[in-house]
Amino acid sequence: MEHIGGEFTPWQILGAAEAVGEHEVYDLRFATGGALDSQPHSVGCREHLTVIEGQIRVISGDEDSLLGPGDTARYPADRPHGLAAEGGPARALLIVQDS
């Protein structure tokens, strides 16, 4: 993932090191205006994002959703995709499968 704008507070890896590439779990924290942009991962990769606080816009290819606390998005990550905090800071859990 790479930073593309706003202020992004570091993410924390919650999963085991040996699981990287297969099943990764992250605690993401965005400051107001924070965003992440990701290039496509390997074919078949999917991400599962659950918002804990604030609002996060999820874009995967042509799909675009605004999520609030308790909302979950499951989307293809084998195409360009991104996350952006809207309206203030935000926090979410992200699971990446088969990256």
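Residues numbered from 1 in each chain as written. Predicted model: local features only at pLDDT ≥ 70, side-chain atom pairs only at ≥ 80, totals over all residues. Heavy atoms only, no water.

S.K.: Give a description of the overall build of the chain that names residues and reports values.
M.R.: Broken down by element type, the chain carries zero helices and eight strands. In the chain, the succession of helices and strands from N to C terminus is β-β-β-β-β-β-β-β. Residue pairs at least 24 apart in sequence account for 68% of intrachain contacts in the chain once pairs closer than 6 positions are excluded. Entry remark: accessible area of the chain is about 5200 Å², with carbon and sulfur atoms responsible for 50%. (Helix = DSSP H or I, 4+ residues; strand = E, 2+ residues; numbered from the N terminus. Contact = heavy atoms within 4.5 Å. Areas by Shrake-Rupley, 256 points an atom, 1.4 Å probe, with all protein chains shown as cover.)

S.K.: Explain the confidence of the model for the chain to me, using residue names and the numbers behind them.
M.R.: Regions with low pLDDT carry predicted coordinates that are not meant to be interpreted in detail. Overall, the prediction assigns the chain a mean pLDDT of 86, with 78% of residues at 70 or greater. Confidence, read as mean pLDDT per element, is least for strand β1 (residues 2-5) in the chain (43) and greatest for strand β5 (residues 46-60) (97). Across residues 1-5, confidence stays below pLDDT 50; counting only partners more than four residues off in sequence or on other chains, it has 15 contacts. (pLDDT = per-residue confidence, 0-100.)

S.K.: Outline the pairing of strand β3 (residues 23-30), listing residues and values.
M.R.: Burial runs high along β3: six of the eight residues are buried. Bridge count for β3 against strand β8 (residues 81-97) is eight bridges, and the pairing is antiparallel. Paired with Asp27 across the two strands is Leu93, which belongs to β8. (Buried < 20%, exposed > 50% of the residue type's maximum accessible area, 1.4 Å probe, protein only. Pairing = 2+ DSSP bridges.)

S.K.: Before we move on, could you go through the pairing of β5 and cite the residues and values that matter?
M.R.: Looking at chain direction, β5 and strand β7 (residues 72-76) are connected through five bridges and run antiparallel. Looking across to β7, one finds that Thr50 is bridged to Thr72. As paired strands, β5 and β8 are joined by 13 bridges and run antiparallel to one another. Bridging across to β8, Ile56 finds its partner in Ala85.

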